[in-house]
Every structure is written in structure tokens, then in C-alpha cells.
Amino acid sequence: MPKVLIADSNCRAMTGGLAELDVDAASVRALIAAIDARFPGAGEYIDRRMAVAVDGEIYQDPGPLALTPSSEVCLIPRIGGG
């Protein structure tokens, strides 16, 4: 089951303070949907405010990216720029 690490205090507040989760999902999109089903509102927050890294690589559009049971998914705050 992919392991999810949450590196954002606002997002952790939505998960009851959990910084790590195991989520049964075959893609990043399914993973975010599963988190949202468990913690309503968290999926939208992740989509709008978080960057996603899978196995150490940050992806711009991770939704369709396939996950394996050993995948590590890090949810990190997006960095704004101008």
C-alpha cells in the first residue's frame, strides 16, 4: 500500500494531525480521492495547494501517475513565484 507523507501543517490539521498515511490506491488521482473520502475537503486542498512527489520526484501533473504498493508519496506545499 503506498505510503503518504504530509509535509504541511494545514493539511495535517485536516487529517486529524496525521503526518503519515497508508492509502490503497493505484494512481495519484485515486490516492487523493481516497484521502478525500476519509477526510472530506482534504482532496480539494491537496489539488489546489500541494505539490506531489512520488519516490523522490516532483510531478507537475501527477494525477494519472501509477503507484505501486511500495511507492512513497510526499505532499508538500507548493512554492509560489513571480
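Preceding this paragraph is the structure being described.
Enquirer: Tell me what's going on with the layout of surface pockets, and back it up with residues and numbers.
Expert: The space that makes up the largest pocket amounts to roughly 220 Å³. Taken together, 15 residues line the largest pocket, and the ones lying closest to its centre are Met50, Tyr59, Gln60, Pro62 and Arg78. Counting residues per element, the ones that place at least two in the lining of the largest pocket are helix 2 (28-38), helix 3 (42-49), strand 3 (50-54) and strand 4 (57-59). Taken together, the residues of the lining of the largest pocket break down into nine nonpolar, two polar and four charged.

Enquirer: Please set out unusual backbone geometry residue by residue, giving values where relevant.
Expert: The backbone of Asp55 shows a phi angle near 50 degrees, a positive value even though the residue is not glycine. One can find Asp55 in the loop between strand 3 and strand 4.

Enquirer: Requested: an account of the nonpolar core, with residues and values cited.
Expert: Formed by 20 residues in total, the largest nonpolar core has its most connected members in Val4, Leu31, Ile35, Val73 and Leu75. Mapped by element, the contributors of at least two residues to this core are strand 1 (3-6), helix 2, helix 3, strand 3 and strand 5 (72-77). Excluding residues that lie within four positions of it along the chain, Val4 makes contacts with Ala19, Glu20, Leu21, Val23, Leu31, Ile35, Val73 and Leu75.

Enquirer: Would you mind going over the pattern of salt bridges in detail, with residue names and values included?
Expert: Taken as a whole and assessed by the stated rule, the structure comprises three salt bridges. Linking Asp47 and Arg29 is a salt bridge whose minimum nitrogen-to-oxygen distance equals 3.2 Å. Taken together, the residues span a long stretch of sequence, with Asp47 in helix 3 and Arg29 in helix 2 at a distance of 18 residues. Overall, the relative accessible area of 42% leaves Arg29 in the partly exposed class. The residue Glu44 makes a salt bridge to Arg48 at a minimum N-O spacing of 4.0 Å.

Enquirer: Please set out the environment of Ala25 residue by residue, giving values where relevant.
Expert: Position of Ala25 relative to the elements: it lies in the loop between strand 2 (20-22) and helix 2. We classify Ala25 as buried; its relative accessible area is 10%. Sequence spacing of Ala25 and Pro2 is 23 residues, and the spatial spacing of their C-alpha atoms is 7.1 Å. Apart from the residues within four sequence positions on either side, Ala25 is in contact with Pro2, Ala30, Leu31 and Leu67.

Criteria and thresholds
- Residues numbered from 1 in each chain as written.
- Predicted model: local features only at pLDDT ≥ 70, side-chain atom pairs only at ≥ 80, totals over all residues.
- Heavy atoms only, no water.
- 1 Å grid on protein atoms, 1.4 Å probe; cavity = no way out; pocket = protein on both sides within 12 Å on 5 of 7 lines; lining within 4 Å.
- Points joined across faces, edges and corners; volume = space filled by probe spheres on them.
- Helix = DSSP H or I, 4+ residues; strand = E, 2+ residues; numbered from the N terminus.
- Nonpolar A, V, L, I, M, F, W, Y, C, P; charged D, E, K, R; others polar.
- Core = buried A, V, L, I, M, F, W, Y, C linked by side-chain atoms within 4.5 Å.
- Buried < 20%, exposed > 50% of the residue type's maximum accessible area, 1.4 Å probe, protein only.
- Contact = heavy atoms within 4.5 Å.
- Salt bridge = Lys/Arg side-chain N within 4 Å of Asp/Glu carboxyl O.

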